[in-house]
Amino acid sequence: MAETVASLAARDTETQLVQWHAQSLDNVLRLLTVSVEGLDSVEAEQRFRIVGANELKEARPIQPWIIFLNQFKSILVVILIVAGVISGVLGDLIDCLAILAIVLLNAVIGFYQEFNAEKSIAALSKMTAPRARVRRAGRVQSIPASHLVPGDVVELEAGDLVPADGRLLEAQVLNCIESALTGESEPVTKHAVTLPNKHLPLGERENMVFMGTTVSSGMGRAVTVATGMNTELGQIASLVEEAGMEEETPLQQRLLSFGRVLVWGSLGIVALVFILGLIRGMKAFELFMTSVSLAVAAVPEGLPAAVTLALAVGVLRMSRRKALVRKLSVVEALGETSVICADKTGTLTVGEMTVRSLYIAGQSFEVTGEGYGPHGEVRFEGKPSDTRHVAPLLEMANVLMGCNNAHVVLEEGKWKVIGDPTEGALLSVGHKAGGSKERIERELPKHHEIPFDSDRKRRTVIRLMPDGRLRAFINGAPDVLLERCTKIYTERGIRSMTEADREQIAAQNSALAKQALRVLGSAYRDLDNTVPAGLTAEAVERDLVFVGLAGMYDPPRPEAKAAVARCREAGIRVVMITGDHPRTALTVARELGIAGTEDKELTGAELDQLSDEVLQQRAPEVAVYARVAPKHKLRIVRALKANGDVVAMTGDGVNDAPALKGADIGIAMGKSGTEVTKQAADMVITDDNFASIVAAVEEGRGIYANIRKTLQYLLAGNTGELSLMTVCVLAGWPTPLLPVQLLWINLVTDGLPALSLAADAIDPDEMTRRPRPRTEKIADRRFWRTTTVTGLLTASVSLAAYLYGLSTASESVARTYAFGTLMFAELLRAFGSRNEIRPVWRLDWLANVHLPLVVGISLVLQFFILQSEKLSWFFKITAMPLTHCGLLLIVSAVPLVVLELAKGVGQRRRGLQEQAGIPDN
């Protein structure tokens, strides 16, 4: 084994030059020292250590020194540094050291915040890494695509992203979209044949699959010949230096635009203060230093870091609740979501299909056992099936297992399916009915396959029988399958199907559907020489022998009903979209509370008869769409959006990608979803659970609320500082705050308290409010009213303390009073900023333990500064006793008390209005 790996390492350069498409399959396997059954786990691990991860190198890794230097990009910070240097040149060493020290401390804090946010976002990008199905020692396993090594045998099917470059061993109606490499948008048909021309261009290598391309249809098996940077995609990546950072979200762009307006407005006020100060005869340099400091204090420099942290923390919290956000822009849309279109199977239901009922040869059978395991039995009339049932059950088992690509494995004590969950359920009941997948694969080798198609609603596998004949095994929707059946299997043999047979089967199908069972029909056909060589669906899937029905039960998720109720309370409408039978869909929808007893479903056939205008009119009233094809999903999304709804759409198949792209929020299923669907989606639900979607909406609303409250907290503090300084200059009083004091206040309040608010827990009432309108601005009228009132209250108590100091003591003492009061007021106000509606005594203080801790430490530090003789020279204040500090703290609590009492009165008023049935305007 070690010799094999060593030889692989030695030949690494040589094998990179091999023209794999021109090699015979035997030679390909020989060069890679592997069999068609794949590598064993030990050899795969050894190769992985030599070759490395199957990943493209990051073009621009996080560079800490760049993040640190970016902290000094602001023109205001540059001016501040220049001002500090000028102070030192003019002999004011204290101001010089203080300013430069605070600028450096602010840069260190900003670096720490942004570096951690960048690491969080980088970690999130790796959480959605694609997976691959590989054959290791003859067994199919699902592994991270990054763990693939040369020699791995990979299974491919429609919807997969090709995880590495490979030479095809087998191809069945396989088509790949290779536009990522060749620029050609048309799918390329693949064949597992040797191509003798060594110099074929990439687009004509029909026996190869390439990393980063997409399987659009069919199935295939390929042996990996190159991974990572050795792939064709990797070679392109090595030639291209990817530039540009992660795109800013619409919210970040709006905040950036908002910030520019704020900066220029603040600079205008600062310029006014400077001009007025000159007119009043203030010293030019002192006035310049004050103006620069005021400009820095007026701009909420902590906002970008706070927004980044709010997004990063919120997205990480989503990931813990099984929702992986692939694009940060989706966070904003989540708070606006008014309609969630969810698939039934696996999302609203458990997703573990179990066949509960079989109908074969005119008789009904009950199936026991849970999940995908083989434990259980087939019962007839409440008793175990007897010998007379062996033949029909085995006939049904052969079709269910013959037309099946799933694998059931036991992992950590639980039976799991690798492949389609429905096929896993059919595989399980096939075992219970006496069949054997191993026997079928051994004695009836697969000859050809016609993959499932959402338009045909059926799938066919053609196998070679022991007598040399070909037999097509077909599973599909019963109503569609019946149309193509001309014969029926009975206990006495095969005979022509009568109209009475059709009615009986249709009645049984309806009866099973009423029990909320998903029903599949099974049939077969022996092929003769008249069948065209192409073995097309139209040629094969006709004149079928009907064998039976399988009724599967996929129970609603216990948490889904509560999640639907939460959506209703939050003003979000849930719409079920499924390919299942209308009665099955409606039964589950009513059980979950999506549809009422009077609601009706709309089928795909009925959708085809409606114009877009009529569908738009009916869309607000329809809660269940059944028997729909993926093409219908996009129409439904467009109809809902035309009515002004913000739509979230779930999907798992490759054909769902257009609908996911068309929705405001495309949500892919992490377990059952294809890699193409995940790449097209904005968000991936790792557990395929509807409750996780609702949790993501809640987190999205919480993130938006945290950004809004943080912005309000920062702007209210800046408003207070600007108001205090402007009033004093206009009145001709001495400057109440010196540059070093303003900078310190800005550093402390724009730092950790703001970040604690940005990472605050979600308000429990968040999901009781209506969705945020798409046109709502983050800074609306109420936002500005609260910000202005808060800023003026803070400025008023600080001004009162300052004027008291001027009238009773010296200018230095007055500044100390203003410095302490303003700092205390802004820190205390952080508690009230957690909620715009509820007062602090109605909040859960344990939900955000960081905020009391941060505010407490900051208050203690400020007390120490105000009392310390050693620090008084640094901040140019007069040290005062502890009792005076306590009095300043009491005075500074006035804005918080006033604002919270106003909230309490408002909440009581709203409560009385609700009791009286009066709407809150």
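The rules behind the values
- Residues numbered from 1 in each chain as written.
- Predicted model: local features only at pLDDT ≥ 70, side-chain atom pairs only at ≥ 80, totals over all residues.
- Heavy atoms only, no water.
- Salt bridge = Lys/Arg side-chain N within 4 Å of Asp/Glu carboxyl O.
- Helix = DSSP H or I, 4+ residues; strand = E, 2+ residues; numbered from the N terminus.
- Buried < 20%, exposed > 50% of the residue type's maximum accessible area, 1.4 Å probe, protein only.
- Core = buried A, V, L, I, M, F, W, Y, C linked by side-chain atoms within 4.5 Å.
- Contact = heavy atoms within 4.5 Å.
- Pairing = 2+ DSSP bridges.
- Axes fitted to C-alpha atoms, helices over the stretch in contact; angles between N-to-C directions.
- Polar contact = N/O pair within 3.5 Å; in protein donor to acceptor, adjacent residues only side chain to side chain.
- Expected span 1.5 Å × (residues − 1).
- Parallel < 35°, antiparallel > 145°, perpendicular 65-115°, else oblique.
- Left-handed = near helix turned anticlockwise from the far one by under 90°.
- Nonpolar A, V, L, I, M, F, W, Y, C, P; charged D, E, K, R; others polar.

Visitor: Please clarify how the pattern of salt bridges should be interpreted in this entry.
Guide: Here the idea is simple: oppositely charged side chains can pair when their charged atoms come close. Considering all chains together, one arrives at 44 salt bridges under this definition. A salt bridge links D760 to K709; the shortest N-O distance between them is 3.0 Å. Of this pair, D760 sits in the loop between α30 (752–758) and α31 (781–808) while K709 sits in helix α28 (residues 690–731), and the two are 51 residues apart along the sequence. K709 carries the same exposure label as D760, and that label is buried. In this structure, R838 and D763 form a salt bridge, with 2.5 Å as the shortest nitrogen-oxygen distance. Here D763 lies in the loop between α30 and α31 and R838 lies in the loop between α32 (811–832) and α33 (850–867), a separation of 75 residues in the sequence.

Visitor: Looking at this model, I keep getting lost on unusual backbone geometry. Mind explaining?
Guide: Peptide bonds are mostly trans, and most non-glycine residues show a negative phi. Residue K457 is not a glycine yet carries a positive backbone phi of 60 degrees. With respect to the element layout, K457 can be found in the loop between β16 (446–453) and β17 (458–464). For D543, which is not glycine, the phi dihedral falls at a positive 50 degrees. Inspection of the secondary structure assignment puts D543 in the loop between α20 (537–540) and β22 (544–553). Residue D543 is classed as partly exposed on the basis of its relative accessible area, which comes to 34%.

Visitor: Could you clarify how one ought to interpret the nonpolar core in this entry?
Guide: Across soluble globular proteins, nonpolar side chains have a tendency to be buried as a group. Membership of the largest hydrophobic core comes to 54 residues, with the highest contact counts inside it found for I340, M576, I594, V624, I667, M683 and F690. For this core, the element with the most residues is α28, which contributes 10 residues. For M683, the contacting residues outside a window of four places in its chain are A323, L324, V325, R326, L334, G666, I667, A668 and A696. Counting residues in each nonpolar core, the second largest holds 45 residues, with L757, L822, F831 and V840 among its members.

Visitor: Is there a simple way to think about the pairing of strand β11 (residues 363–367) in this case?
Guide: Each regular strand carries side chains that alternate between the two faces of the sheet. A one-sided burial pattern is seen for β11, the buried positions being Q363, F365 and V367 and the unburied ones S364 and E366. Taken together, the four bridges between strand β10 (residues 354–360) and β11 define a ladder with antiparallel strand orientation. Pairing of Y359 across the sheet is with S364, part of β11. Hairpin connection between β10 and β11: a loop of two residues separates the two successive antiparallel strands, and A361 in this loop has a positive phi of roughly 50 degrees. Note: β11 against strand β12 (residues 378–380), two bridges, orientation antiparallel. Following the sheet pairing, E366 is matched in β12 by R379.

Visitor: What exactly am I supposed to notice about the sheet that holds strand β23 (residues 573–577) here?
Guide: Strands belonging to one sheet form pairs held by backbone hydrogen bonds; the direction of such a pair is parallel or antiparallel. In space, the eight strands of this open sheet follow the order β8-β28-β27-β26-β9-β23-β25-β24, with mixed pairing throughout. A single partner strand is all that each edge strand has here, and the edge strands are β8 (323–325) and β24 (601–603). When the angles between neighbouring strand axes are averaged without regard to direction, this sheet yields 20 degrees. For β24 and strand β25 (residues 624–626), the ladder comprises three bridges, and the chain directions are parallel. Residue pairing for β25: T603 is matched across the bridge by A626. Along the sheet, helix α22 (residues 582–592) makes contact with β23, β24 and β25, crossing β25 at roughly 155 degrees.

Visitor: What is the right way to look at the environment of E836 in this model?
Guide: Locating E836 in the fold gives a position in the loop between α32 and α33. By relative accessible area, which is 28% here, E836 ends up partly exposed. Between the C-alpha atom of E836 and that of L899, which follows or precedes it by 63 residues, the distance is 9.9 Å. Among all residues touching E836, those that are not within four sequence positions of it are R708, Q712, R782 and K903. Of note is the side chain of E836, whose polar atom sits 2.6 Å from the side chain of R708.

Visitor: Would you take a moment to explain the environment of R627 for this structure?
Guide: By the secondary structure assignment, R627 is in the loop between β25 and α25 (630–642). A relative accessible area of 14% places R627 in the buried class. Distance from R627 to G604, taken between C-alpha atoms, is 5.3 Å for residues 23 residues apart in sequence. Leaving out residues up to four positions away in the same chain, R627 has contacts with K457, A477, P478, D479, T578, G579, D580, H581, P582 and G604.

Visitor: What should I look at first to understand α33 in this one?
Guide: The periodicity of an α-helix, 3.6 residues per turn, causes residues three or four places apart in sequence to face the same way. With 18 residues, α33 should reach 26 Å at 1.5 Å per residue; the first-to-last C-alpha distance of 26 Å fits that figure. Among all positions in α33, only L851, V854, V855, S858, L859, Q862, F863, I865 and L866 are buried. Its buried side turned inward, α33 meets α29 (739–749), α30, α32, α34 (869–875) and α35 (882–892).

Visitor: What am I meant to see in α28 here?
Guide: Under the 1.5 Å per step criterion, the end-to-end length of α28 is 61 Å for 42 residues, consistent within 8% with the ideal 62 Å. Counted residue by residue, α28 has 36 buried out of 42 residues, so it is predominantly covered. A side-chain oxygen of the first residue of α28 lies 3.0 Å from the backbone nitrogen of A691; this N-cap is N689. A positive backbone phi angle near 85 degrees is found at G732, which sits one or two residues after α28.

Visitor: Explanation requested: the pairing of strand β1 (residues 131–136) in the structure shown.
Guide: Burial analysis of β1 places five of its six residues in the buried class, which makes it a mostly covered element. Where β1 meets strand β2 (residues 139–144), six bridges bridge the pair, whose relative direction is antiparallel. From the neighbouring strand, R135 faces β2, where its bridge partner is V140. Taken together, β1 and the strand that follows it, β2, pair antiparallel across an intervening segment of two residues, in which A137 is found at a positive phi of about 55 degrees. Bridging between β1 and strand β3 (residues 153–157) involves three bridges; their strand directions are antiparallel. Note that in β3 the partner of R135 across the bridge is V153.

Visitor: Is there a simple way to think about the packing of α28 against α31 in this case?
Guide: Between two packed helices, the angle of one axis relative to the other and the distance separating the axes together describe the packing. Between α28 and α31, the shortest axis-to-axis distance is 7 Å and the interhelical angle comes to 45 degrees. For the element pair α28 / α31, the angle class is oblique. Read as a crossing pair, α28 and α31 show a hand that is right-handed. Within the contact between the two elements, α28 uses R708, L711, Q712, L715, A716, T719, G720, S723, L724, V727 and C728 and α31 uses R782, F783, W784, T786, T787, T790, G791, L792, A795, S798, L799 and Y802. Here the residues of the contact of α28 with α31 are counted per class, giving 12 nonpolar, nine polar and two charged.

Keep in mind these numbers describe shape, not what the thing actually does.
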